[in-house]
Amino acid sequence: MTEEQIIKKYEDLLRRYNILNRISEIVASTNELDKILRIILKGVTFGDGFGFNRAFLFLADQKIDHLKGKLAIGTETAEEAWKIWGEIQKKNYSLEEFLSQEKLIIEENLSLNERLKKITIPITSGKIIEQCLTNGNPVNIDLTLENPSPDINQFSDASLIENEILDLIKHPKFCIIPLISRTKKVGILIVDNKYNGREITKEDIIFLMMLGQFAASSIRNTIIYNELKENLNNLAKVNYQIKILKEYNENIIESVPLSMFAVDNNFNITACNKNFSDIMHISKYDLIGKNIKNFVIKINDFNLVDEISNVMADKKVEGFYKVKLEMNNIINESIYDLFLVMLKDSKNNINGVIGIIEDVTITVKLEKSLQEARRFAELGKFSATVAHEIRNPLVSIGGYANRIKRRYEERQEFDVNDAEVITSEIKRLEEILNDILDYASDKKVDFKVINLSEVLKYCLELAKIFAEQNNINISLLTGREFLDNQNLIINGSYDNLKQAFINVLNNALEASSSKQNVYFDTSIIEEFKQKWVEIKINNKSMIQNEKDLYKIFLPFYTTKIHGTGLGLTLTKKIIEEHSGNIDVESNSESGTTFIIKLPLIRIEDNI
């Protein structure tokens, strides 16, 4: 394969991954099942997408013994197909524009779609659909082959293919993709290239399976979500069905990533899910049947029972956004949105209240991070302005101070100590200037594959010099052998990371007194299938003011007599540029600990 072919291959892979990403983003923006199905099939058939001529979607019924035709995109004839492609090309739609169209672009598509919706296929043991949904493997069908290749799941035995499919497709080459979400059989996706004759490749099938897994999860989650909404309304209208639907509805409620509870008009808890019991720190079975007035539950400064009473009296929904919850004098550190809605029966009588609680902590943190980034940008502009304003006076002051010193040495006219103070202050101002310029700098970081162990060993050696001068001991909890024997390979900038770790080490040493220990710990952790290097730097001094703990990374914020207050701000900037994060903890028992995490590529033994 030539270099040009390799480049083209990887460009195609990148394009397809990008398409999958864009399809997923658009699908994530809606809970409408029909819209989700249209988006997925359009992505499969769009020319700049996966580029298949036709796509057919069948969904399993509730008992999973039949498949029902749900949606088709394509045409009955080649003439119609070329006409559609010509009009799409003429309109020059982007993928997002094409996927966002509410209607199928050309009316000729409707005939094939209407024919598919009339088809119901029984899932029969031994037939191709049953095999496909059981083993979860795609099937690349080519009825023209005598010796199909097992390497790409080729299949050519027409006797095992359902007649309904053969009558619908009327083409010897097509591919069946199973739609399975975890172990739940959702349906199948069928694609072909009836009109342009393009072969369905192994790479096509790989990306179709990726799309199929995402599609199955999206379809199933949407069905569950819509069923939940419908069942909650029916729960209030049809009381005699509660016993029959109880187990089914509980399973749905437990599947939703929300905390839910319901109380009757006497404030007795009639239902809740495990998420709610976890917030309460009480077993679900110890909550149901109990009166909610027996528990002290506060929404910020509001009492939950009072708010439930207001909903019952005013007959209106109440919502609380970004609040803290206090359960029996235990304040939960997470942040929540809470909604209280009326529970009505079929005669529109209010039989209680349903509470829905959503954890929005991550969203709030992201919003704060965005605000912080904007604030940092403004401070960066300010820093650059200040730096440029004081640069020229510094040059003049420096020259004048040197002249005073020189005249004193030559003519004994001035006190040399005064001149030394001036030059010393100029040097300090220049250091401040350099810090400000470093912080405001937007220069591109040169990332390379580096050995983090070497960076850490270098920084520790530098720190030990200061530590020995001040009778402070640096203790490596994992031992020096860990860094000597393990090469921690990451993607980063050696110089920038060196600056970051020296800043944190110096901060810990400056906060320590004589004969105290500074502890340095390195470990490997795994989060969300990603390995990280975690470095902890601890000193025994505690940050007394809790406000300082939250402001410690802000620009120009310092509790020291000397310093610009930019050291830890620059450190945070460097760590985040390396896709890592830095945090700080402080209490009377352990002192202050800086925790730095950086994504790890691999570990190499240093032999």
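So, how was this worked out
- All residue numbers refer to positions counted from 1 along the written sequence of the respective chain.
- Reporting in this predicted model follows two pLDDT cut-offs: at least 70 for local features of residues, and 80 or more for side-chain atom pairs to be given and counted; totals over whole chains, interfaces and linings ignore these cut-offs and use all residues.
- No hydrogens and no water enter the side-chain calculation; it runs on all heavy atoms of the structure.
- By the criteria applied, helices consist of DSSP H or I runs no shorter than four residues and strands consist of E runs no shorter than two, each listed in order from the N terminus.
- Exposed residues in this analysis have more than 50% of their type's maximum accessible area, buried residues have under 20%, and partly exposed residues fall in between, with area computed by a 1.4 Å probe over protein chains only.
- Residue contacts are defined here by distance: any two heavy atoms, one from each residue, within 4.5 Å place the two residues in contact.
- For this analysis, a salt bridge means a side-chain nitrogen from Lys or Arg found within 4 Å of a carboxyl oxygen belonging to Asp or Glu.
- Fitting a line to C-alpha atoms yields each axis, with helices limited to the stretch in contact; the angle taken between N-to-C directions then spans 0 to 180 degrees.
- Under this scheme an angle from 65 to 115 degrees is roughly perpendicular, one under 35 degrees roughly parallel, and one over 145 degrees roughly antiparallel; angles in between are oblique.
- Crossing handedness is read from the near helix: turned anticlockwise from the far helix by less than a right angle, it gives a left-handed crossing, and turned clockwise, a right-handed one.
- As a working rule, the residues Ala, Val, Leu, Ile, Met, Phe, Trp, Tyr, Cys and Pro are called nonpolar, Asp, Glu, Lys and Arg charged, and the rest polar, with Gly in that last group.
- Pairing of N or O atoms within 3.5 Å defines a polar contact, subject to two protein rules: one partner must be a possible hydrogen donor and the other a possible acceptor, and residues neighboring in sequence count only if both atoms are side-chain atoms.
- Each Phe, Tyr or Trp ring (for Trp, its six-membered ring) is paired with any other whose centre lies within 6.5 Å, and the angle between the two planes then decides the class: stacked below 30 degrees, edge-to-face above 60, tilted in between.
- Counted as over-ring charges are cases with an Arg CZ or a Lys NZ within 6 Å of the ring centre that also lie within 35 degrees of the ring normal.
- Lining residues are defined by having an atom within 4 Å of a point belonging to a cavity or pocket. Those points lie on a 1 Å grid over the protein atoms alone, cavities being sets where a 1.4 Å probe fits but cannot get out and pockets being open sets with protein on both sides within 12 Å along at least five of seven lines.
- Grid points are joined across faces, edges and corners, and a volume is the space filled by probe spheres set on the points.
- Domain extents, as shown, originate in an automatic or database domain assignment.
- Only buried Ala, Val, Leu, Ile, Met, Phe, Trp, Tyr and Cys residues count toward a nonpolar core, and they belong to the same one when joined by side-chain atoms within 4.5 Å.
- Any two strands between which DSSP finds at least two bridges are classified as paired.
- In this analysis, a patch consists of residues with relative accessible area above 30% that form no salt bridge, clustered at 9 Å for like charges and at 5 Å for the nonpolar side chains Val, Leu, Ile, Met, Phe, Trp and Tyr.
- Values of accessible area rely on a 1.4 Å probe in the Shrake-Rupley scheme; residue burial ignores everything except the protein chains shown.
- Take the residue count of a helix, subtract one, and multiply by 1.5 Å to get its expected span.

### A short note on the overall build of the protein chain
Part 1 of the reasoning: When you go through the protein chain residue by residue, the secondary structure sums to 19 helices and 24 strands.
Part 2 of the reasoning: A buried classification covers 41% of the 607 residues belonging to the protein chain.
Part 3 of the reasoning: Across the protein chain, the fraction of contacts at a sequence separation of at least 24, relative to all contacts at a separation of at least 6, is 64%.

### Remarks on the pattern of salt bridges
Part 1 of the reasoning: Under the defined criterion, the tally for this structure stands at ten salt bridges.
Part 2 of the reasoning: The salt bridge involving Arg54 is made with Asp192; its shortest N-O contact spans 2.6 Å. A residue pair is termed long-range when its members are at least 10 positions apart, and Arg54 in strand E1 (residues 54-60) and Asp192 in strand E7 (residues 184-192) qualify at 138 residues.
Part 3 of the reasoning: For Arg54, a relative accessible area of 1% puts it in the buried group.
Part 4 of the reasoning: Between Glu199 and Lys173 there is a salt bridge; the shortest N-O distance is 2.6 Å. With a gap of 26 residues between them, Glu199 in the loop between E7 and helix H8 (202-237) and Lys173 in strand E6 (residues 173-181) connect regions that are remote in the sequence.
Part 5 of the reasoning: Overlapping salt bridges bring together Glu454, Lys457 and Asp484 as one network.

### Some words on the packing of helix H1 (residues 3-27) against helix H2 (residues 33-45)
Part 1 of the reasoning: Running from amino to carboxyl end, H1 crosses H2 at an angle of 165°, the nearest separation of the two axes being 10 Å. In terms of their interaxial angle, H1 and H2 are classed as roughly antiparallel. The crossing of H1 and H2 is right-handed. Note on element contacts: H2 touches H1 through Ile36, Ile39, Ile40 and Gly43, opposite Ile23, Ile26 and Val27.
Part 2 of the reasoning: Looking at the contact of H1 with H2 residue by residue, the classes come out as six nonpolar, one polar and no charged.

### A short note on the side chain of Asn451
Part 1 of the reasoning: Looking at the element boundaries, Asn451 is found in strand E17 (residues 448-451).
Part 2 of the reasoning: A polar atom in the side chain of Asn451 sits 2.9 Å from the side chain of Asn487.
Part 3 of the reasoning: Those residues in contact with Asn451 that sit more than four places away from it in its chain are Asn487, Leu488 and Ile489.

### Looking at the packing of aromatic side chains
Part 1 of the reasoning: On inspection of all chains with the given rule, the structure shows one aromatic pair.
Part 2 of the reasoning: A cation over an aromatic ring shows up here: Arg198 above the ring of Phe52, its NZ or CZ 5.2 Å from the ring centre.

### What about the layout of surface pockets?
Part 1 of the reasoning: Here the second largest pocket defines a volume of roughly 830 Å³.
Part 2 of the reasoning: Forming the boundary of the second largest pocket are 29 residues, of which Tyr225, Leu228, Lys229, Val256 and Leu258 lie nearest the centre.
Part 3 of the reasoning: Looking at the lining of the second largest pocket, the element that brings in the most residues is H8, giving eleven residues.
Part 4 of the reasoning: Its residues placed into classes, the lining of the second largest pocket shows 15 nonpolar, seven polar and seven charged.
Part 5 of the reasoning: Mapped onto the domain boundaries, the lining of the second largest pocket takes at least three residues apiece from domain 1 (13-227) and domain 2 (256-359).

### So, the packing of helix H15 (residues 452-469) against helix H17 (residues 494-510)
Part 1 of the reasoning: Relative orientation of the contacting elements H15 and H17 amounts to 35°, with a least axis distance of 9 Å. As H15 runs across H17, the sense of the crossing is right-handed. Contacts between H15 and H17 involve Leu452, Glu454, Val455, Leu456, Tyr458, Cys459, Leu460, Leu462, Ala463, Phe466 and Ala467 from the former and Tyr494, Leu497, Lys498, Phe501, Ile502, Leu505, Leu509 and Glu510 from the latter.
Part 2 of the reasoning: Within the contact of H15 with H17, the residues separate by chemical class into 16 nonpolar, no polar and three charged.

### Quick look at the nonpolar core
Part 1 of the reasoning: Leu452, Leu497 and Phe501 are the most contacted members of the largest nonpolar core, which totals 38 residues.
Part 2 of the reasoning: Look past the residues within four positions of Leu497 in its chain and what remains in contact with it is Ile450, Leu452, Val455, Ile490, Ile574, Ile575, His578 and Leu598.
Part 3 of the reasoning: Counting residues in each nonpolar core, the second largest holds 34 residues, with Leu33, Leu41, Phe52 and Ala215 among its members.

### Considerations on the sheet that holds strand E19 (residues 486-492)
Part 1 of the reasoning: Pairing in this open sheet of three strands is antiparallel, and the strands run E17-E19-E24 from one edge to the other. In this open sheet, the two edge strands, each paired with only one partner strand, are E17 and strand E24 (602-605). Across the sheet, the mean angle separating the axes of adjacent strands is 30° when strand polarity is ignored.
Part 2 of the reasoning: When E19 meets E24, the two strands line up antiparallel, connected through four bridges. Residue pairing in the sheet places Gln486 in a bridge with Asp605 of E24.
Part 3 of the reasoning: Contacts from H15 reach E17 and E19 within the one sheet, and its direction differs from that of E17 by about 55°.

### Things to note about the environment of Pro257
Part 1 of the reasoning: Looking at the secondary structure, you find Pro257 in the loop between helix H9 (242-255) and strand E8 (259-264).
Part 2 of the reasoning: For Pro257, a relative accessible area of 71% corresponds to the exposed category.

### Points about a nonpolar patch on the surface
Part 1 of the reasoning: On the surface, a cluster of nonpolar side chains totalling about 350 Å² of accessible area is made up of Tyr458, Leu462, Ile465 and Tyr494.
Part 2 of the reasoning: Within the secondary structure layout, Ile465 lies in helix H15.

### Brief notes about the pairing of E7
Part 1 of the reasoning: The element E7 is extensively covered by neighbouring structure, given that seven of its nine residues are classed as buried.
Part 2 of the reasoning: Summarising the sheet, E1 and E7 pair through six bridges and their orientation is antiparallel. Paired with Arg54 across the two strands is Asp192, which belongs to E7.
Part 3 of the reasoning: As paired elements, E6 and E7 share eight bridges and run antiparallel to each other. Opposite Phe174, over in E7, you have Asp192 as the bridge partner.

### Looking at the sheet that holds strand E11 (residues 302-303)
Part 1 of the reasoning: Ordered in space as E11-E10-E13-E14, the four strands form an open sheet in which the pairing is antiparallel. At either end of the open sheet lies a strand with only one pairing partner, and these are E11 and strand E14 (330-331).
Part 2 of the reasoning: Alignment of strand E10 (residues 297-299) against E11, held across two bridges, turns out to be antiparallel. From the neighbouring strand, Ile299 faces E11, where its bridge partner is Phe302.

### Points about H1
Part 1 of the reasoning: Taking 1.5 Å per residue, 25 residues should reach 36 Å; H1 reaches 36 Å between its end C-alpha atoms and fits that length.
Part 2 of the reasoning: Turning to H1, its buried residues number three or more, namely Arg16, Ile19, Leu20, Arg22, Ile23, Ile26 and Val27.

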